[in-house]
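Residue-level structure breakdown
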Amino acid sequence: MPEPLPISALQHLVFCERQCALIHTEGLWAENRLTAEGTVLHENAHEAGPETHGGVRVARGLDMRSEALNLVGKSDVVEFTPLEAFHGPIAETVRAAASGPGPPLVGWGVLPVEYKRGRSKTSPEWGDCDRVQLCAQALCLEEMLGVEVPEGRLFYGQTRRRTDVPIDGALRDLTRRAVARLHALLASGETPPAVNDARCPNCSLVKLCLPQVAAGRSAAAWIDRRLNTLDREAA
Ligand code: SF4
């Protein structure tokens, strides 16, 4: 069995496969304001320690693992909530899910909460990478704890709001496909070509990957100039 891959790599993959390969295959990393703020948000989430409020047990920095997906990671927050605290349509689902085979957790709903800076990020191929990362955490918790996790939450630092995310069949399928692609990409040792689209200006690796974009110039114009230079040199 190959080494388990970090859940965080999934978010890189879903955002941009080249970014994922540059970080996890080639070992490149560049901090920008967005990643630095994200790191502080995660550290604050982990350092607060466990607590109980309103009957909800809050665990922070929980080690997570899935043998089936060959993933490892660390949660920001996992909330263990007594079932009577759930109301509305989600209540029946959680009640049914939490009556699974894990004795210590019978009677408790399990909700992973992931902290993000800014707003949600999307990519054309995979959609919302934050939801995929959260779903991977839910799948790990299900395997570890023997209960179903029907819902997770994303907390965005910029708006300081929590978004409820149903861990439904479509998201589970998307996440499993992303996990399979992550393993295949990193096993191949290949780095895909740059996408050069709307994702790039906010990417922490843009200066390493596409310096012409980082400098505020059009990549197409840069490529034209390079081709003209090569034509002149060949003439
Ligand atoms: S700069 Fe663009 S192509 Fe390069 S890694 Fe970042 S998002 Fe991907």
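Scroll up to find the structure.
What this report covers is the structure whose coordinates are included nearby.

Criteria and thresholds
- Residues numbered from 1 in each chain as written.
- Predicted model: local features only at pLDDT ≥ 70, side-chain atom pairs only at ≥ 80, totals over all residues.
- Heavy atoms only, no water.
- 1 Å grid on protein atoms, 1.4 Å probe; cavity = no way out; pocket = protein on both sides within 12 Å on 5 of 7 lines; lining within 4 Å.
- Points joined across faces, edges and corners; volume = space filled by probe spheres on them.
- Helix = DSSP H or I, 4+ residues; strand = E, 2+ residues; numbered from the N terminus.
- Axes fitted to C-alpha atoms, helices over the stretch in contact; angles between N-to-C directions.
- Parallel < 35°, antiparallel > 145°, perpendicular 65-115°, else oblique.
- Contact = heavy atoms within 4.5 Å.
- Nonpolar A, V, L, I, M, F, W, Y, C, P; charged D, E, K, R; others polar.
- Salt bridge = Lys/Arg side-chain N within 4 Å of Asp/Glu carboxyl O.
- Buried < 20%, exposed > 50% of the residue type's maximum accessible area, 1.4 Å probe, protein only.

Things to note about empty space enclosed by the protein
The full count for this structure, using the stated rule, is one cavity of 30 Å³ or more. In this structure, the largest cavity encloses a volume near 80 Å³. Cys16, Gln19, Cys200, Cys203 and Cys209 are the residues nearest the centre of the largest cavity, which is lined by 13 residues in total. Those elements that provide at least two residues to the lining of the largest cavity are α2 (17-24) and α7 (206-209). When residues in the lining of the largest cavity are grouped by element, the largest group, three residues, is from α2.

Overview of the packing of helix α1 (residues 7-15) against helix α6 (residues 169-188)
Interaxial distance between α1 and α6 falls to 10 Å at its minimum, and their mutual angle equals 90°. Relative to α6, the element α1 is oriented roughly perpendicular. Across the interface between the two elements, Ala9, Leu10, Leu13 and Val14 from α1 touch Ala178, Val179, Arg181, Leu182 and Leu185 from α6. Its residues placed into classes, the contact of α1 with α6 shows eight nonpolar, no polar and one charged.

Structural notes on the pattern of salt bridges
Overall, the coordinates contain eleven salt bridges when judged by the stated rule. Taking the shortest distance from any N to any O, the salt bridge between Arg162 and Glu79 comes out at 3.3 Å. Of the two residues, Arg162 sits in strand β11 (residues 161-166) while Glu79 sits in strand β6 (residues 77-82), which places them 83 residues apart along the sequence. Overall, Glu79 belongs to the buried group, its relative accessible area being 8%. Between Arg172 and Glu142 there is a salt bridge whose closest N-O contact spans 2.8 Å. Here Arg172 is found in helix α6, whereas its partner Glu142 is found in helix α5 (residues 129-145), with 30 residues between them in sequence. For Glu142, a relative accessible area of 15% gives the class buried.

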